[in-house]
Amino acid sequence: MDPRSADVVVCGAGIAGIAAAYHLAVRRGLTDVVIVDERPPLSLTSDKSTECYRNWWPGPGDDMVALMNRSIDLLEELARESGNVFRMNRRGYLFATADPALVPRFVARANDGAALGSGPLRLHDHAGSDYRPAPADGFEGEPTGSDVITDRALIRRHFGWLADDTLALLHARRCGWFSGQQLGMYMLERARAKGVRLLEGHVAGVETAGGRVTGVRLETAGGTRTIATPRFVAAAGPLMKSVGRLLGVELPLFCERHAKVAFNDTLGAMPRSAPMTIWTDRVRLPWSDDERAELAGSEHKHLLEPFPAGVHGRPEGGGDSPVVLLIWTYDAEPMEPRFPLEFDPYYGEIALRGMSRMVPRLAQYLSRLPRTFVDGGYYTRTRENRFLAGPLPVEGAFILGALSGYGLMSSNGAADLLADHVTGRPLPRYAPAFRLERYDDPAYVKSLDAWGDDGQL
Ligand SMILES: Cc1cc2nc3c(=O)[nH]c(=O)nc-3n(C[C@H](O)[C@H](O)[C@H](O)COP(=O)(O)OP(=O)(O)OC[C@H]3O[C@@H](n4cnc5c(N)ncnc54)[C@H](O)[C@@H]3O)c2cc1C
């Protein structure tokens, strides 16, 4: 029987909507939660992710780190109780540089991380230092904080597959990856066991009376109908702006297209036990002399220019999987979300060439490119890249969105915060950093001009 009324209606069955329903029903005891989505669960953005997590975030302030630590605590609880069905690991994020100017900046960044709550710095500046690599699987009993390795013999001993001229590594430790699909389905099952219902339909309107939410209008295969409800949670991912307009709210959000590429690393260029590995230097793509001459006179001559820092990748899958994922955002511009997405036809080749600067054995593929599979989605984000969780200006309406490129890792912390707002519980101290009302503060808005690093990879 389709419901005529609900305690809460959640728009969106991506990771945000599912985590919201899970926290409302399973952890806060609301018995009558309905999720509405016009697509299958987790199928728009949440299954396009690289599925990594990190408590490694810049300031200003420690709100982002505190929120992420809470989110990772919750993910670890879920992993323990489920027998780690979503295969959470703790391999870390390994930042690498060959730029001497960045070596002291790695140390400074690690000190900042310690001050913000990511965990302590361990500096390894001689060959005998006791750097402890991360295990490939599991997440228990691992250090937090970061290891900064500046001794080149130590770098070669542990990471001989990186470029010979690598000068320093920063290994952030409360980081790794997991299966986002498994996590989402596990939370959805737990939520359904507590009475959460998932309906297929388009949220076409939010009805209000006296400035309060009274119902949600749906377009379904069976026609248009309304679910009476006092509370509505917008978790609409890249379509959030249009859902905000249903309430007459213009949300300060924009979308950026981000791609990733998967290919079979049949030559084993990247070790199967590697962490998420990020090159922090700008890169000139490697070309042969002939290729360079040809490009110079063509419409593709920009491929000879330096590309931005940040190409990164990791092995994907257990057992005999040869898959490696690469991601490199060299052209993100705000854009209207359109589906299906289209990607740069050269994305796979560009990412592989860029990554071969850091992992030279990948260059073996450049003369005969492997088959690549490119997909991706939109990062829906605010200007300073901090998400939105909390009330909207219409009473009874809430938002959980703008999860940008970190929606899987933050899903539980963000939904936990949203659930506190919805149920009127005491809020954690980081709550104000994620409320929409922060933009009503002129000092906050002014601070955006000098924000600096927004933590996006
Ligand atoms: C290439 C790439 C790599 C990424 N890597 C990572 C990573 O390593 N770690 C990480 O944590 N995050 C990563 N992310 C980010 C993460 O995938 C997103 O932040 C997250 O999936 C957003 O989830 P969401 O639920 O907000 O949105 P979505 O998954 O897009 O879900 C929104 C849902 O709302 C529904 N909807 C919208 N409007 C309506 C309506 N009117 N009626 C009914 N339904 C509606 C849509 O159909 C959709 O199912 C990555 C993203 C990309 C694209």
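Quick caveat: nothing in here was measured; it's all calculated off a predicted structure.

Visitor: Just checking my understanding: could you explain the side chain of Arg174 for this structure?
Guide: Position of Arg174 among the secondary structure elements: in the loop between strand 7 (168–172) and strand 8 (175–177). In this structure the side chain of Arg174 is engaged in a polar contact, spanning 3.1 Å, whose partner is the side chain of Asn69. Within the structure, the side chain of Arg174 is placed 2.7 Å from the side chain of Asp73, a separation counted as a polar contact. Sequence-distant contacts of Arg174, defined by excluding residues within four places in its chain, comprise Tyr53, Arg54, Asn55, Asn69, Ile72, Asp73, Glu76, Arg90, Pro143, Thr144 and Gly145.

Visitor: Looking at this structure, I do not really get the site of the ligand. What am I missing?
Guide: Lining the immediate surroundings of the ligand are 37 residues, of which Asp37, Thr45, Ser46, Ser404 and Met409 lie closest. Separating an oxygen atom of the ligand from a side-chain N or O atom of Thr45 is a distance of 2.5 Å. Take Ser404: an N or O atom from its main chain is 2.8 Å from an oxygen atom of the ligand. With the chains in place, 97% of the 1000 Å² that the ligand exposes on its own is no longer accessible. For the shell around the ligand, the secondary structure elements donating two or more residues are helix 1 (15–27), strand 2 (33–37), strand 10 (202–209), strand 19 (372–381) and helix 9 (407–423). By residue number, the principal contributor to the shell around the ligand is helix 9, which donates three residues. Grouping the amino acids of the shell around the ligand by side-chain chemistry returns 18 nonpolar, 14 polar and five charged.

Visitor: Any chance you could explain the sheet that holds strand 12 (residues 223–228) here in plain terms?
Guide: In any sheet, the strands associate via hydrogen bonds between backbone groups, in a parallel or an antiparallel arrangement. What the three strands build is an open sheet, ordered 10-11-12; its pairing is antiparallel. In this open sheet, the two strands that pair with only one neighbour each are strand 10 and strand 12. Taking the axes of each pair of neighbouring strands and ignoring which way they run, one obtains an average angle of 25° across the sheet. When strand 11 (residues 212–220) meets strand 12, the two strands line up antiparallel, connected through six bridges. Paired with Leu218 across the strands is Arg225, a residue of strand 12.

Visitor: Hey, could you run me through the environment of Thr372 in this one?
Guide: As for its position among the elements, Thr372 is in strand 19. Along the sequence, Thr372 and Ser242 sit 130 residues apart, while their C-alpha atoms lie 34 Å from each other. Once you skip the residues sitting within four places of it in the chain, Thr372 turns out to touch Val261, Ala262, Phe263 and Gly348.

Visitor: Hey, could you run me through the packing of aromatic side chains in this one?
Guide: For any pair of aromatic rings, the description consists of the separation of the ring centres together with the inter-plane angle of the planes. On inspection of all chains with the given rule, the structure shows 17 aromatic pairs. Where Phe86 meets Phe178, the ring centres are 5.8 Å apart and the plane angle is 80°; that geometry is what we call edge-to-face. You can see Phe86 sitting in the loop between helix 2 (63–81) and strand 4 (93–97) and its partner Phe178 sitting in the loop between strand 8 and helix 5 (180–193), a full 92 residues away along the chain. You'll find Phe86 and Phe178 in the same group, each marked buried. Each residue in the set Trp57, Phe387, Tyr406, Tyr430 and Phe434 is aromatic and connected to the rest through ring pairs, giving one cluster. Just above the ring of Phe339 sits the side chain of Arg39; from NZ or CZ to the centre is 5.5 Å.

Visitor: Please explain the pattern of salt bridges as it appears in this structure.
Guide: If the charged atoms of two oppositely charged side chains come close together, the side chains can form a pair. Applying the stated criterion to the full structure yields 36 salt bridges. Two residues, Asp2 and Arg225, come together in a salt bridge whose shortest N-O distance is 3.4 Å. Residue Asp2 is located in the segment before strand 1 (8–11), and its partner Arg225 is located in strand 12; the two are separated by 223 residues in the primary sequence. Since its relative accessible area comes to 48%, Asp2 is described here as partly exposed. Here Arg70 makes a salt bridge to Asp416, at a shortest N to O gap of 2.9 Å. Here Arg70, found in helix 2, pairs with Asp416, found in helix 9; they are 346 residues apart in sequence, far enough to count as distant. For Asp416, a relative accessible area of 5% corresponds to the buried category.

Visitor: Would you take a moment to explain the environment of Gly83 for this structure?
Guide: Locating Gly83 in the fold gives a position in the loop between helix 2 and strand 4. Sequence separation between Gly83 and Gly413 is 330 residues; the distance between their C-alpha atoms is 21 Å.

Visitor: How do you make sense of the sheet that holds strand 21 (residues 397–401) when you look at a structure like this?
Guide: In spatial order, the strands read 9-2-1-13-21-20; together these six strands make up an open sheet with mixed pairing. A strand with exactly one partner marks an edge of an open sheet, and here the two such strands are strand 9 (197–200) and strand 20 (388–391). Strand-to-strand twist of the sheet, defined as the mean angle between neighbouring strand axes without regard to direction, takes the value 20°. As judged from the four bridges shared by strand 2 and strand 9, these two strands associate in the parallel manner.

What counts and what doesn't
- Residues numbered from 1 in each chain as written.
- Predicted model: local features only at pLDDT ≥ 70, side-chain atom pairs only at ≥ 80, totals over all residues.
- Heavy atoms only, no water.
- Helix = DSSP H or I, 4+ residues; strand = E, 2+ residues; numbered from the N terminus.
- Polar contact = N/O pair within 3.5 Å; in protein donor to acceptor, adjacent residues only side chain to side chain.
- Contact = heavy atoms within 4.5 Å.
- Near = heavy atom within 4 Å.
- Areas by Shrake-Rupley, 256 points an atom, 1.4 Å probe, with all protein chains shown as cover.
- Nonpolar A, V, L, I, M, F, W, Y, C, P; charged D, E, K, R; others polar.
- Pairing = 2+ DSSP bridges.
- Axes fitted to C-alpha atoms, helices over the stretch in contact; angles between N-to-C directions.
- Phe/Tyr/Trp six-rings, centres within 6.5 Å; stacked < 30°, edge-to-face > 60°.
- Buried < 20%, exposed > 50% of the residue type's maximum accessible area, 1.4 Å probe, protein only.
- Lys NZ or Arg CZ within 6 Å of the ring centre and 35° of its normal.
- Salt bridge = Lys/Arg side-chain N within 4 Å of Asp/Glu carboxyl O.

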